[in-house]
Amino acid sequence: MKKKVGLFFGTFNPVHIGHLILANHLLQYSDLDELWLVVTPHNPLKKKNSLLNNHHRYEMVWRLCEDYPGLKPSDVEFNLPQPNYTVFTLAHLEEKYPEIDFSLIMGEDNLKSFPKWKNYEVILERYNVIVYPRFSEGAIDPVFEDHPKITRIKAPRMEISSTFIRKAIKEGKDVRPLLPNVVWKYIEEMNFYR
């Protein structure tokens, strides 16, 4: 029986309690054995301006995962050609870990833009996709509604954003409740987002 691993991609700039609550929920309420938080160097669809250095974002995720045995930090995309496309990362991981059955985790908002992803048909053909709820505009393509490779799960809707946290820190607000303690300590220690 292959080990089941969910891949939760993000810039995690910074990783916050919304990410943690969702990741833990997916681990507890699905058939996944592990969930890897894949720190992405740079999403081709996002502006790069306020992105912390790769190793700092990975360090925050690593510190977060230490307390949760089922969660693992992953820097796999740091050494892959840029820009990163999920389809290539999945193929790379599948080749490197043939004993693992990988699933892609995405929010409903990403499912709506999924047809814009590079080779999204290949992803759907080869991998299971686990979709969690998000508040977002637009409709999901009917083709994805009852797709055999797509599982929609009920999970807490976390409307906390890293953008909001960075802005709040810059404004001198106390954002400690929004961040796991180990992440907050690292941000403080390094004086990030000021």
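Keep in mind the model is a prediction, meaning the values are calculated, not measured. (Residues numbered from 1 in each chain as written. Predicted model: local features only at pLDDT ≥ 70, side-chain atom pairs only at ≥ 80, totals over all residues. Heavy atoms only, no water.)

## Some words on helix H1 (residues 17-28)
Across its 12 residues, H1 extends 16 Å between first and last C-alpha, which sits within 8% of the 16 Å expected from 1.5 Å per residue. Within H1, burial applies to Gly18, His19, Leu20, Leu22, Ala23, His25, Leu26 and Leu27. (Helix = DSSP H or I, 4+ residues; strand = E, 2+ residues; numbered from the N terminus. Expected span 1.5 Å × (residues − 1). Buried < 20%, exposed > 50% of the residue type's maximum accessible area, 1.4 Å probe, protein only.)

## Some remarks on the packing of helix H2 (residues 54-65) against helix H8 (residues 181-190)
At a closest axis distance of 8 Å, the pairing of H2 and H8 adopts a crossing angle of 145°. As H2 runs across H8, the sense of the crossing is right-handed. Touching His56, Glu59, Met60, Arg63 and Leu64 of H2 are Val182, Val183, Tyr186, Ile187, Glu189 and Met190, all from H8. Of the residues assigned to the contact of H2 with H8, the class counts are seven nonpolar, one polar and three charged. (Axes fitted to C-alpha atoms, helices over the stretch in contact; angles between N-to-C directions. Left-handed = near helix turned anticlockwise from the far one by under 90°. Contact = heavy atoms within 4.5 Å. Nonpolar A, V, L, I, M, F, W, Y, C, P; charged D, E, K, R; others polar.)

## Quick look at the sheet that holds strand E2 (residues 34-39)
Overall, parallel pairing links the six strands, which are arranged E3-E2-E1-E4-E5-E6 in an open sheet. Among the strands making up the open sheet, the edge pair consists of strand E3 (71-74) and strand E6 (150-152). Each neighbouring strand pair of the sheet contributes to a mean axis angle of 30°, computed without reference to strand direction. Relative to E3, E2 is paired through four bridges, and the arrangement is parallel. Among the inter-strand pairings, Trp36 is bridged to a residue of E3, identified as Lys72. On the sheet, H2 packs against E2 and E3 and is oriented at approximately 165° with respect to E3. Each of strand E1 (3-10), E2 and strand E4 (100-107) touches helix H3 (residues 86-96); the most contacted strand, E1, lies at about 150° to it. (Pairing = 2+ DSSP bridges.)

## Describing the pattern of salt bridges
One pass over the full model with this rule turns up 11 salt bridges. Linking Arg63 and Glu189 is a salt bridge whose minimum nitrogen-to-oxygen distance equals 3.9 Å. Taken as a pair, Arg63 in helix H2 and Glu189 in helix H8 lie far apart in primary sequence, 126 residues in all. For Arg152, the salt bridge identified is with Glu108, shortest N-O distance 2.6 Å. Pair noted here: Arg152 is in strand E6 and Glu108 is in helix H4 (residues 108-113), with a separation of 44 residues, a long-range link. Residue Glu108 is classed as buried on the basis of its relative accessible area, which comes to 14%. Counted as one network, the salt bridges with shared partners bring together Glu59, Arg63 and Glu189. (Salt bridge = Lys/Arg side-chain N within 4 Å of Asp/Glu carboxyl O.)

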